[in-house]
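Summary of structural features
Now for the letters of each chain:
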Amino acid sequence: AGAWTLPRAKTPRLAPGPKNRAAMSGGHLSKDFFELIKSIGECKSKQEEDKILAAEVATLRQRFTEQLSPKKMKEAVVRMMYAEMLGHNADFGHIHAVNMSQQTNLIAKRVGYLASTVCLHSGHELTTLLVNTMRRDLKSTNHVEVCATLVAIPKLVNLETLPALMDPVCALLDHPSEVVRKKAVMALHRFCQLQPSSAADLSEKLRRVLCDKDPAVMGASLYILHEGAEADPKAHKDLVPSYVSILKQVTEHRLPSSFDYHRMPAPWIQIKLLKLMATLGTADQRASEGMYEVLLDVLRRADTGINIGYAIIYEAVRTITAIFPNIQLLETAASHISRFVSSDNHNLKYLGIKALAGIVQVNQKYALEHQLVVVDCLEDPDETLKRKTLDLLYRMTNAGNVVFVVDKLISHLRETSDDAFRASLTERITQLAERYAPDNSWFIRTMNGVFELGGELVRPDVAHNLMRLIAEGSGEDDEADMALRRFAAATYYSMLDRPILPDILVCVICWVLGEYGYLIGGGVALEDVVDKLVDAVERQFDAPSTRCWVVVAITKLVAQLGAMPAQVAEVCGKYKQSSQVLLSKYCSELEGLAAEVGTMHAALPTDASCEDLEVDPALGFLDAYVAEALSRGAQPYLAPGERPDELDVGGSSSAAGGAHGGGGGGGGHGLRFDEYEKQQAPSQILAPPPAAAPTNGAPAAAPLGSGLNVSGVRSVWGAEGFKAAEPAAPPPPPQPGYGGGGYAYGGGGGGG
């Protein structure tokens with residue numbers, strides 16, 4: 001494959017005859033149809049278009065019920081196709097499109113396949129009717145019929161019909177017409193997407209197609225080979241020399257001029273070959289070394305100053321950043337990127353930003369020289385460009401430029417009003433500050449700015465990480481850690497004077513002042529801190545739990561003061577009756593702890609946020625309390641199984657008692673928790689009365705077919721006169737039911 005060369009000759013094209021020219025120009029369609037298309041095109045609104053099409057669909061529904069000539073049927077199917085494309089349901093005509101695809105007339109068959117492709121989908125029930133027609137048409141000697149079938153197959157094939165079409169389509173890879181071979185490759189591409197396991201069986205055939213004498217067939221095979229390379233790169237490594245050879249021949253204008261676009265030879269084939277190289281050259285030095293020369297040639301030849309050339313350069317840069325790195329290639333790519341980034345064209349600037357994001361992953365030095373230009377892109381009105389620039393800045397940031405980049409990002413966070421962009425900025429600033437913070441003080445100042453500007457956009461775990469940093473410090477220098485806490489306490493004390501503070505920042509302020517308010521210094525006493533927090537309680541908060549943080553901070557400071565100030569008692573009295581259970585709980589705890597100062601000091605020691613809590617699972621500290629209670633006559637604690645008057649809610653006696661009676665009450669049965677059995681409707685078992693001795697006057701069932709129902713009526717008159725009543729039979733035993741002491745709901749089992 002590496003020695004394969006592309007033909008120079010242009011593929012001959014046959015000029016259409018008069019009949020075919022008329023068919024292609026629409027001369028076989030009526031004037032009424034062209035008036036319909038014209039009226040649709042002149043519509044001023046969607047409502048006007050829907051009105052025209054609704055009337056057309058109604059007309060088509062009526063027309064399909066009539067006997068139409070082949071010409072009128074063809075036009076009706078085309079009209080139905082237009083209605084479907086414009087969003088109107090015309091499923092009543094789908095079967096006519098399927099029938100038309102089975103006709104022998106070439107134009108009718110093509111219209112039928114086209115309408116079936118537009119109106120049906122792969123799971124439609126009518127696609128099954130097309131399978132045999134497709135198999136027959138794929139074997140046709142007319143390549144136009146074969147092409148019409150191959151165009152419809154990718155849209156209509158599914159997993160059930162794929163086996164029936166696989167072999168006929170594969171056979172067309174050797175068809176003498178290059179158009180048929182190209183469309184067969186496209187159909188096989190769809191087969192591999194539906195059933196990836198079939199790609200392995202087609203591997204050898206596709207490798208032969210890569211060497212096809214027609215460039216269009218070869219170009220079509222690149223797409224299916226690219227997907228195979230992404231799924232299994234190792235199996236396609238041996239094709240790298242072939243791809244390099246093909247790309248070299250393409251760049252040297254070895255293809256027919258019909259493949260040129262703005263004097264650029266086969267640009268889409270070049271782009272697909274570059275993507276294949278990027279896939280196969282990733283982390284493979286041997287495969288990448290064979291690509292270096294042709295990539296330099298592609299960059300040189302594509303630099304023509306037109307858009308399609310820029311597209312090839314961009315794809316070449318992406319390939320260079322994906323394969324094993326080469327210094328010369330990276331420098332050449334960086335020079336092209338700098339032209340993109342500095343361009344006034346938004347599209348080129350966008351390409352430059354994306355290309356820089358790729359080259360930064362290889363080496364940041366190629367992007368740092370464009371740092372100021374990239375930052376300026378954040379002020380561009382194009383939202384897409386701003387988002388790509390933000391991603392690039394995030395990747396360009398390191399410990400040396402984090403202060404500059406974060407300051408720029410915070411200034412943009414302060415100015416922008418787009419919620420989505422603000423959320424992205426907040427997330428990026430937080431991640432950069434946590435990763436590259438030069439010192440803890442800078443980190444606290446930065447996060448305060450993020451909290452103040454981002455507010456509800458900041459994740460709660462970010463605030464917890466900040467509080468943990470202040471509490472634990474670096475762990476290496478105790479004096480530096482204490483200085484950090486003093487700085488944080490003084491900073492947050494001054495921030496309480498601001499009229500508007502986000503809830504998440506209020507939570508951080510309250511925690512820091514509650515733990516380290518005594519470190520503020522500068523003549524600020526704990527009473528001053530308490531006064532500010534008491535004022536902060538009355539603020540309006542978005543979350544009800546935020547006020548709880550303020551009360552908890554006041555509680556910690558009261559423990560350090562040793563007494564509860566009057567304004568704190570007023571706050572407790574006000575919010576102890578709050579409908580918010582948690583807030584009421586904290587106020588009640590504050591009042592209770594303030595009454596026991598010693599207990600309050602023990603429960604809330606100063607600067608003990610990092611100390612481990614010792615838990616006594618046996619609750620030994622309650623032994624003295626229990627002994628005192630027992631001495632006063634209290635009952636000793638009994639385990640659940642030792643309590644004599646406890647209801648047995650899970651024992652067998654409960655189940656047994658519940659099955660036979662109402663449960664509960666006397667008799668020692670517990671509560672019943674299993675469902676009762678479904679009750680059967682009460683039924684009477686009537687014994688048939690003797691023929692000579694009828695029973696008492698209860699009615700009996702009448703035999704079928706009699707006019708008067710006298711069954712069960714005791715006969716008291718006979719030939720001898722009046723007959724005396726016989727003794728009544730004993731009543732049958734009671735059946736389980738809803739009344740009369742039945743088993744399920746009656747009085748069994750003691751007092752129900």
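Reading the values: rules and limits
Residues numbered from 1 in each chain as written. Predicted model: local features only at pLDDT ≥ 70, side-chain atom pairs only at ≥ 80, totals over all residues. Heavy atoms only, no water. Helix = DSSP H or I, 4+ residues; strand = E, 2+ residues; numbered from the N terminus. Buried < 20%, exposed > 50% of the residue type's maximum accessible area, 1.4 Å probe, protein only. Contact = heavy atoms within 4.5 Å. Areas by Shrake-Rupley, 256 points an atom, 1.4 Å probe, with all protein chains shown as cover. Core = buried A, V, L, I, M, F, W, Y, C linked by side-chain atoms within 4.5 Å. Patch = residues over 30% accessible without salt bridge, like charges linked within 9 Å, V, L, I, M, F, W, Y side chains within 5 Å. Salt bridge = Lys/Arg side-chain N within 4 Å of Asp/Glu carboxyl O. Lys, Arg positive; Asp, Glu negative; His and termini not counted. Charge placed at Lys NZ, Arg CZ, Asp CG, Glu CD. pLDDT = per-residue confidence, 0-100. 1 Å grid on protein atoms, 1.4 Å probe; cavity = no way out; pocket = protein on both sides within 12 Å on 5 of 7 lines; lining within 4 Å. Points joined across faces, edges and corners; volume = space filled by probe spheres on them. Nonpolar A, V, L, I, M, F, W, Y, C, P; charged D, E, K, R; others polar. Polar contact = N/O pair within 3.5 Å; in protein donor to acceptor, adjacent residues only side chain to side chain. Phe/Tyr/Trp six-rings, centres within 6.5 Å; stacked < 30°, edge-to-face > 60°. Lys NZ or Arg CZ within 6 Å of the ring centre and 35° of its normal. Expected span 1.5 Å × (residues − 1).

Along the backbone of the protein there are 36 helices and 4 strands. Across the 752 residues in the protein, those meeting the buried criterion constitute 42%. Nonlocal contacts in the protein, meaning residues at least 24 apart in sequence, comprise 63% of its contacts between residues at least 6 apart. For the protein, the computed accessible surface area is about 41,200 Å², with 54% contributed by carbon and sulfur atoms.

A few words on the nonpolar core. Ranked by size, the top nonpolar core spans 170 residues in total, and within it Leu 150, Ile 153, Tyr 243, Phe 451, Tyr 492 and Leu 533 carry the most contacts. Among all residues touching Leu 150, those that are not within four sequence positions of it are Leu 138, Val 169, Leu 172, Val 180, Lys 183, Ala 184 and Ala 187. Leu 60, Ala 90, Phe 92 and Met 100 belong to the second-largest nonpolar core, a separate cluster that totals 20 residues.

A separate point is a negative patch on the surface. On the surface, a cluster of negative charge is made up of Glu 527, Asp 528, Asp 531 and Asp 535. With respect to the helices and strands, Glu 527 occurs in helix H30 (residues 526-537). For Glu 527, a relative accessible area of 42% translates into the label partly exposed.

Our next topic: the confidence of the model for the protein. Scored by pLDDT, the protein comes out at a mean of 83, with 83% of its residues at no less than 70. Considering only residues more than four positions removed or in separate chains, one finds that residues 689-706, a stretch of pLDDT under 50, has 26 contacts. Contacts from residues 733-752, a stretch scored under 50 in pLDDT, to residues over four places away or in other chains number 25 contacts.

The next thing to look at is empty space enclosed by the protein. All told, the structure shown has 2 cavities of 30 Å³ or more when counted by the stated rule. Taken as a whole, the largest cavity holds about 40 Å³ of empty space. When grouped by side-chain class, the residues that make up the lining of the largest cavity number 6 nonpolar, 2 polar and no charged. Here the second largest cavity is characterised by a volume of approximately 30 Å³. Looking at the lining of the second largest cavity, the elements with two or more residues in it are helix H18 (307-322) and helix H19 (327-341). The leading source of residues in the lining of the second largest cavity is H19, at 3 residues.

Residue placement: Arg 485 occurs in helix H28 (residues 478-495). Polar side-chain contacts of Arg 485 include one of 2.6 Å to the backbone oxygen of Ala 471. With residues near it in sequence (within four places) discarded, Arg 485 still touches Ile 470, Ala 471, Glu 472, Tyr 516 and Leu 519.

Another point: the pattern of salt bridges. Applying the stated criterion to the full structure yields 26 salt bridges. Linking Glu 75 and Arg 79 is a salt bridge whose minimum nitrogen-to-oxygen distance equals 3.2 Å. Residue Glu 75 and its partner Arg 79 are both found in helix H4 (residues 70-85); the two are separated by 4 residues, about one turn of the helix. As far as the burial class goes, Glu 75 and Arg 79 line up, both buried. A salt bridge links Arg 301 to Asp 297; the nearest nitrogen and oxygen atoms lie 3.1 Å apart. Here the residue Arg 301 and the residue Asp 297 both occupy positions in helix H17 (residues 292-302), the gap between them amounting to 4 residues, near one helical turn. Since its relative accessible area comes to 33%, Arg 301 is described here as partly exposed. Given a relative accessible area of 14%, Asp 297 falls into the buried group. Beyond isolated ion pairs, a larger network of salt bridges with shared partners links Asp 32, Glu 56, Glu 75 and Arg 79.

Scanning the entire structure with this criterion turns up 6 aromatic pairs. Ring centres of Phe 33 and Tyr 82 lie 5.5 Å apart, and the angle between their planes is 70°; on these two criteria the pair is classed as edge-to-face. With Phe 33 in helix H2 (residues 31-41) and Tyr 82 in helix H4, the pair connects residues that are 49 residues apart, well separated along the chain. Judged by relative accessible area, Phe 33 falls into the buried class, the value being 4%. Look at Tyr 82 and you get partly exposed, because its relative accessible area is 30%. Of the aromatic side chains, those joined through ring pairs into one cluster are Phe 33, Phe 34 and Tyr 82. Above the face of the Tyr 394 ring, Arg 428 is positioned so that its terminal group lies 4.5 Å from the ring centre. In this structure, Lys 532 packs its charged tip against the face of Tyr 493, placed 4.0 Å from the ring centre.

Before going further, it helps to examine the environment of Ser 578. When you line up the elements, Ser 578 lands in the loop between helix H32 (566-575) and helix H33 (581-595). Setting aside residues no more than four positions away along its own chain, Ser 578 makes contact with Leu 583 and Ser 584. Looking at Ser 578, its side chain comes within polar contact range of the main-chain nitrogen of Gln 580, at 3.1 Å.

Bringing a nonpolar patch on the surface into the picture now. Nonpolar side chains collect at one region of the surface, where Leu 619, Phe 621, Leu 622, Tyr 625, Val 626 and Leu 630 lie side by side and expose about 610 Å² of accessible area between them. Relative to the helices and strands, Leu 622 resides in the loop between helix H34 (597-603) and helix H35 (623-631). On the basis of relative accessible area, Leu 622 is assigned to the partly exposed category, the value being 34%.

For H4, which comprises 16 residues, the first-to-last C-alpha distance of 23 Å matches the rise-based estimate of 22 Å (1.5 Å per residue) to within 8%. Among all positions of H4, only Met 73, Lys 74, Glu 75, Ala 76, Val 77, Val 78, Arg 79, Met 80, Met 81, Ala 83 and Glu 84 are buried. At its buried positions, H4 is contacted by H2, helix H3 (46-63), helix H5 (94-101) and helix H6 (106-119). Looking one or two places after H4, you find Gly 87, whose phi comes out positive at around 95°.

Our focus in this paragraph is the side chain of Ser 101. Note on placement: Ser 101 falls in helix H5. By relative accessible area, which is 0% here, Ser 101 ends up buried. Not counting chain neighbours up to four residues away, the residues in contact with Ser 101 comprise Lys 109, Gly 112, Tyr 113, Leu 130, Thr 133 and Asp 137.

Its identity as a non-glycine residue notwithstanding, His 253 has a phi of 60°, on the positive side. Looking at the secondary structure, you find His 253 in the loop between helix H14 (240-251) and strand S1 (260-261). Among the residues examined, His 253 registers a relative accessible area of 40% and is labelled partly exposed. The phi torsion at Leu 619 lies on the positive side, around 55°, for a residue other than glycine. Of note, Leu 619 is situated in the loop between H34 and H35.

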